[in-house]
Amino acid sequence: MSPVVVFQEKKPKIHKEAYVSPQSTLVGDVEVGEYASVWPGSVVRGDFSKVQIGAYSCIQDGCVIHAHSEDAPVIIGNFVSVGSHVVMHGCYCGDAVLIGDGVIIYEGVTIGEGALVAPGSILVQNMVVPPRLSVSGAPAKQVRELSRDDITRQKERAEIIARVFHKLRNWLPQERV
């Protein structure tokens, strides 16, 4: 079965250098950028608004990303690592962000560039995470400011993952419509 589903005449756009697992599902107005990856079991739904996944970003196993309101697209910047089993609804995520496993992000959330969201955190509706901050908890609270080295490591992590999937995409099965 193909991971790409046309919805209301909108078909996901996958950059030729991206990797989308055949065990994932992309629906409607979804755009996957250069060297980005969507891993097995993830569902990315652009049925009510756009979902944009930036270059070198990865959506790890079992994520649900949903733009469930016309006024709330999901915008994921470049070099973003979204951990396994993350749920994201109608939010903005800046470049070089690291989102830990099991995070829940509600509609209207803004995550600034270079931020880190600890595993298991819950970001409540309309929360703003300023750039270069680490947050943790349910609901998430500020933990500390991140150094330039922290942010550089987050970006490097995204680049490493992108390189691995770029190599793997040549021998892993991929179905595209």
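Placed above this text is the structure.
None of the values given here were measured: they were computed from a predicted structure.

Let us now look at the packing of aromatic side chains. Across all of its chains, the model carries 2 aromatic pairs by this definition. Judged by centre distance (4.9 Å) and plane angle (10°), the rings of Tyr56 and Phe79 are stacked. Placement of Tyr56 in the loop between β6 (43-53) and β7 (58-59) and of Phe79 in the loop between β9 (74-76) and β10 (81-82) is noted, with a sequence separation of 23 residues between them. Accessibility expressed as a relative area gives 25% for Tyr56, which makes it partly exposed. Three or more aromatic residues link up through ring pairs in this structure, and these residues are Tyr35, Tyr56 and Phe79.

Attention now moves to the nonpolar core. Core analysis: the biggest nonpolar cluster contains 37 residues, and Val32, Ile53, Met88, Ile99, Ile105, Ile111 and Leu123 have the highest contact counts within it. Contributing elements (two or more residues each) for this core: β4 (25-32), β6 and β9. If we ignore the near neighbours within four places in the chain, the residues touching Ile105 are Val87, Met88, His89, Cys91, Ile99, Ile111 and Leu123.

Under the defined criterion, the tally for this structure stands at 0 disulfides. The thiol of Cys58 is unpaired, and the distance to the nearest cysteine sulfur, on Cys63, comes to 8.5 Å. Here Cys93 is not disulfide-linked; the sulfur of Cys91 is the nearest cysteine sulfur, at 6.8 Å. Here Cys93 falls in the buried class, since its relative accessible area comes to 0%.

Criteria and cut-off values
- Residues numbered from 1 in each chain as written.
- Predicted model: local features only at pLDDT ≥ 70, side-chain atom pairs only at ≥ 80, totals over all residues.
- Heavy atoms only, no water.
- Phe/Tyr/Trp six-rings, centres within 6.5 Å; stacked < 30°, edge-to-face > 60°.
- Helix = DSSP H or I, 4+ residues; strand = E, 2+ residues; numbered from the N terminus.
- Buried < 20%, exposed > 50% of the residue type's maximum accessible area, 1.4 Å probe, protein only.
- Core = buried A, V, L, I, M, F, W, Y, C linked by side-chain atoms within 4.5 Å.
- Contact = heavy atoms within 4.5 Å.
- Disulfide = S-S within 2.5 Å.

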